[in-house]
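Inside the fold
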Amino acid sequence: MNILVTGGAGYIGSHTCVELLKAGHQVVVFDNFCNSFPEATRRIGQIAGTPLTLVEGDIRDRTAIERALRENACDAVIHFAGLKAVGESVAKPLLYYDNNVIGTVRLLEAMQATGVKTIVFSSSATVYGVPQFLPYTEDHPLSSTSPYGRGKLMVEDILRDYHVAQPDSRIALLRYFNPVGAHHSGLIGEDPQGVPNNLMPFVTQVAIGKRDRLQIWGGDYDTPDGTGVRDYIHVEDLAVGHVKALEHLRQPQCFAVNLGSGRGHSVLEVVKAFEQACGKSIPYEIGPRRAGDLPAYYADVTLAKSLLGWKATRSLETMCADSWRWQVANPNGFRV
Ligand code: NAD
Ligand code: UFG
């Protein structure tokens, strides 16, 4: 297939492009590089041993997307493009709704105009809100606590409505848990700008000496060691999940599925695993809880297995080892 990958130069998109190329698909990356670098796309080609097409553009520019879809005879879209900092979304809600929600509407208009019926969307476990039970199953009630999360929920609703109006559309809503790690080659990985919001990139920066210590946000949660529990998933496993979702979209349908490992790890477990991987100690201090954080959540992964024949295979140790390899080989990320 010829696949347009919006946000394909970003963290999850770049790993997915590698898996798509390996599976024999043609890839067109459509990205405005607001949170990524063209160098990532060169490295994708290097890993896969086959080049991809790069189009610099913004998903809110319907004409540009239409042109990219037509000129490359695209059969499907994988839609990663979006802003993802939960805290920033509270400070700049209009920016988030414009980029993430209106941008998706423009993309769907361009797909409709060009007859492209297949879309895989990057949703998030954040659409489940406060857990009413765990693990989260796909039929857990949906709610959200930030403009970022509400945007994800709105786009899910828009895609469900679109499928009702266009029953021949083929739509996958992939609810990611916590993607971490990097490609085992050490060539691509997560390259956050400024101070990382997320745990794993912060820990790698402490390990390499860019930051003094990790602040653990809360040590008094009702969890086995008092620190927050999340379902971490290796980004290469997540990337394979997209290829499987695309294969499953041979028939018109609209489905939502969790992509996680199915088990939770605490912040302290992640710190210990990372210390093993890098052979250094990670200084930390336990601070107050971070506003908006949930104590614990993890995925029920039964549906992913039965529907897509997919499950995560890489351990927390591998996630840490691969994050470390990427960090050591690329202390300045893609800024070469
Ligand atoms: P990322 O920031 O590394 O990648 C997003 C890419 O989209 C970047 O390359 C950026 O330049 C591009 N982009 C943003 N707005 C654009 C626009 N208007 N037009 C064109 N390109 C644009 O983020 P990521 O971690 O790879 O996340 C990818 C998707 O997965 C996002 O939609 C995110 O919300 C979702 N997601 C991420 C996580 C996570 O923890 N990383 C968890 C759940 C869901
Ligand atoms: N944490 C720390 N110190 C840090 C960073 C994080 O202790 O410096 C803790 C958090 O409190 C939490 C855990 O590490 O307990 C994981 O935090 P992350 O920020 O890495 O991830 P979140 O679970 O908060 O959020 C992620 C994505 C969101 C997405 C959400 C649900 O960043 O975009 O998963 O999918 F909405």
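Residues numbered from 1 in each chain as written. Chains lettered and ligands numbered in written order. Predicted model: local features only at pLDDT ≥ 70, side-chain atom pairs only at ≥ 80, totals over all residues. Heavy atoms only, no water.

Considering the site of ligand 1
Taken together, 28 residues surround ligand 1, and among them I12, D31, N35, S36 and Y148 come closest. Within the backbone of I12, one N or O atom sits 2.8 Å away from an oxygen atom of ligand 1. Considered on its own, ligand 1 offers 820 Å² of accessible surface; in the complex 95% of this is hidden by protein. The set of elements that each furnish at least two residues to the shell around ligand 1 consists of α1 (11-22), β5 (118-124) and α6 (147-165). The greatest single-element share of the shell around ligand 1, amounting to three residues, is contributed by β5. (Near = heavy atom within 4 Å. Polar contact = N/O pair within 3.5 Å; in protein donor to acceptor, adjacent residues only side chain to side chain. Areas by Shrake-Rupley, 256 points an atom, 1.4 Å probe, with all protein chains shown as cover. Helix = DSSP H or I, 4+ residues; strand = E, 2+ residues; numbered from the N terminus.)

Quick look at the layout of surface pockets
In this structure, the second largest pocket spans a volume of roughly 210 Å³. Along the wall of the second largest pocket there are 20 residues; nearest its centre are E190, D191, P192, W326 and Q327. Elements with a minimum of two residues in the lining of the second largest pocket: α7 (199-207) and α11 (316-329). The greatest single-element share of the lining of the second largest pocket, amounting to four residues, is contributed by α7. (1 Å grid on protein atoms, 1.4 Å probe; cavity = no way out; pocket = protein on both sides within 12 Å on 5 of 7 lines; lining within 4 Å. Points joined across faces, edges and corners; volume = space filled by probe spheres on them.)

Some details on the packing of α7 against α11
Viewed as axis vectors pointing N to C, α7 and α11 meet at an angle of 55°, and their least axial separation amounts to 10 Å. The angle between α7 and α11 falls in the class oblique. In the packing of α7 onto α11, the handedness of the crossing is right-handed. Within the contact between the two elements, α7 uses M200, T204, Q205 and A207 and α11 uses C320, S323, W324 and Q327. Looking at side-chain class alone, the contact of α7 with α11 contains four nonpolar, four polar and no charged residues. (Axes fitted to C-alpha atoms, helices over the stretch in contact; angles between N-to-C directions. Parallel < 35°, antiparallel > 145°, perpendicular 65-115°, else oblique. Left-handed = near helix turned anticlockwise from the far one by under 90°. Contact = heavy atoms within 4.5 Å. Nonpolar A, V, L, I, M, F, W, Y, C, P; charged D, E, K, R; others polar.)

Looking at empty space enclosed by the protein
One way to see where empty space is left: roll a probe the size of a water molecule over the atoms. Here the structure, examined in full by the defined rule, presents one cavity of 30 Å³ or more. Counted as a void, the largest cavity has a volume near 30 Å³. Along its surface, the largest cavity is lined by N100, F121, Y148, G151, K152 and V155. Ranked by residue count, the leading element in the lining of the largest cavity is α6, at four residues. Counted by class, the lining of the largest cavity contains three nonpolar, two polar and one charged residues.

Things to note about the sheet that holds strand β4 (residues 76-79)
A sheet is described by the order of its strands in space; here seven strands give the open sequence β3-β2-β1-β4-β5-β6-β11, paired in parallel fashion. Either end of the sheet is taken by a strand with one partner, and the two such strands are β3 (53-56) and β11 (253-259). The sheet shows a mean angle of 20° between the axes of neighbouring strands, taken without regard to direction. Most of the contacts of α6 go to β5, to which it runs at about 150°, and overall it touches β5, β6 (170-176) and β11. Contacting β1 (2-6), β4, β5, β6 and β11, helix α8 (residues 235-248) runs over the sheet at an angle of about 160° to β6. (Pairing = 2+ DSSP bridges.)

Side note on the environment of D293
Relative to the helices and strands, D293 is located in the loop between β13 (284-287) and α10 (302-308). A residue is classified by how much of its surface remains accessible, and D293, at 24% relative accessible area, is partly exposed. Sequence separation between D293 and W217 is 76 residues, and the spatial gap between their C-alpha atoms is 8.7 Å. For D293, the contacting residues outside a window of four places in its chain are W217, Y221 and R230. (Buried < 20%, exposed > 50% of the residue type's maximum accessible area, 1.4 Å probe, protein only.)

Section: the pairing of β1
Counted residue by residue, β1 has four buried out of five residues, so it is predominantly covered. Note on the crossover from β1 through α1 to strand β2 (residues 26-31): the handedness is right-handed. Pairing between β1 and β4: four bridges, direction parallel. Across the sheet, V5 pairs through a bridge with I78, a residue of β4. (Right-handed = clockwise from strand over helix to strand, strands pointing away.)

Here we look at the site of ligand 2
Inspection of the region around ligand 2 gives 22 residues, with S124, N198, Q215, R230 and D293 positioned closest. Between ligand 2 and L199 there is a distance of 2.9 Å, counted from an oxygen atom to a backbone nitrogen or oxygen. Contact with the protein chains removes 90% of the 690 Å² of surface that ligand 2 exposes when unbound. Here the shell around ligand 2 gets four residues from one element, more than from any other, and that element is strand β8 (residues 214-217). Along the lines of polarity and charge, the residues of the shell around ligand 2 split into 11 nonpolar, seven polar and four charged.

Describing the packing of aromatic side chains
Tallied over the full model, the rule gives six aromatic pairs. Ring geometry for Y136 and F177: centres 6.2 Å apart, planes at 50°, overall tilted. In this pair, Y136 is assigned in the loop between β5 and α6 and F177 in the loop between β6 and β7 (178-180), connecting sequence segments 41 residues apart. Residue Y136 shares its accessibility class with F177, and that shared class is buried. Among the aromatic residues, those joined into a cluster by ring pairs are Y128, Y136, F177 and Y297. The lysine or arginine in question, R211, covers the ring of F202, its NZ or CZ lying 5.8 Å from the ring centre. (Phe/Tyr/Trp six-rings, centres within 6.5 Å; stacked < 30°, edge-to-face > 60°. Lys NZ or Arg CZ within 6 Å of the ring centre and 35° of its normal.)

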